[in-house]
Amino acid sequence: MSARFGSGTSYCGRRSAAALLEQLRSAPAGTSGEALTEALRDAVLALVAVLKALNGAIRDLDRSTAAHLGEHPDGEIFASLPRSGQINAAQMLAEWGDCRQAYENPDSVAALAGCTPVTKESGKHRAVHFRWACNKRFRAAMTTFADNSRHASPWAAKIYNPGPRSGQGPPTRRPRPGPRLDPRDLALLARWRSL
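This is a predicted model, so every value here is computed, not measured. (Residues numbered from 1 in each chain as written. Predicted model: local features only at pLDDT ≥ 70, side-chain atom pairs only at ≥ 80, totals over all residues. Heavy atoms only, no water.)

A. Main features of the packing of helix 5 (residues 85-96) against helix 7 (residues 136-152). Two elements in contact, helix 5 and helix 7, have axes whose closest approach is 9 Å; the angle formed by their N-to-C orientations is 140°. Here helix 5 is positioned oblique relative to helix 7, judged by the angle of their axes. You can see that helix 5 and helix 7 cross each other, and the crossing is left-handed. Residues N88, Q91, M92, E95 and W96 of helix 5 form the contact with helix 7, whose participating residues are R137, F138, A141, M142, T144 and F145. Class assignment of the residues belonging to the contact of helix 5 with helix 7 gives a composition of six nonpolar, three polar and two charged. (Axes fitted to C-alpha atoms, helices over the stretch in contact; angles between N-to-C directions. Helix = DSSP H or I, 4+ residues; strand = E, 2+ residues; numbered from the N terminus. Parallel < 35°, antiparallel > 145°, perpendicular 65-115°, else oblique. Left-handed = near helix turned anticlockwise from the far one by under 90°. Contact = heavy atoms within 4.5 Å. Nonpolar A, V, L, I, M, F, W, Y, C, P; charged D, E, K, R; others polar.)

Listed below in structure tokens is the structure:
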């Protein structure tokens, strides 16, 4: 193997080119039986047909969801959120529910979405854990919104992508990767929804 190929493919060089070539040459040959090849071809074509049908059904559901979002009294509020989109706004609204009185404050909505930790105390011991018992679909919708909003809103980007502050140098601890949803965002949504 040439050094140029190895560096172009980011190969670490742990095995020599001769060893890799020998491994390729000693691999078992693929099946060449006509009946088996035809059966595998038919199976793959059937799976492609299923995927096409599923993609068509997903497109139809997306159109229906977008149409019905506009009919809901809170649809305009959720659709106006930064980069929420029609589908994500409908997911958040559907999982939040229609009963505004069911959640007396933003903290209860954050707990429903699994965005608040669980604190366990016993004597002098205190531990904070991830909230597993929650509405998983609501958590997925809210964290998707949080991830999308940081791309469109400067204040959300500032919250979710903290960089080095002026004069302090680089941060000592990097935040956990992935979307995070601050309970303050849920408080803001709850306030908008109660108007």
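Next comes the rest of the account.
B. Structural detail: the pattern of salt bridges. If you walk through the whole model with that rule in mind, you get four salt bridges. One salt bridge connects E121 with R126, and the closest N-O pair in it is separated by 3.7 Å. The exposed category is assigned to E121, whose relative accessible area is 59%. (Salt bridge = Lys/Arg side-chain N within 4 Å of Asp/Glu carboxyl O. Buried < 20%, exposed > 50% of the residue type's maximum accessible area, 1.4 Å probe, protein only.)

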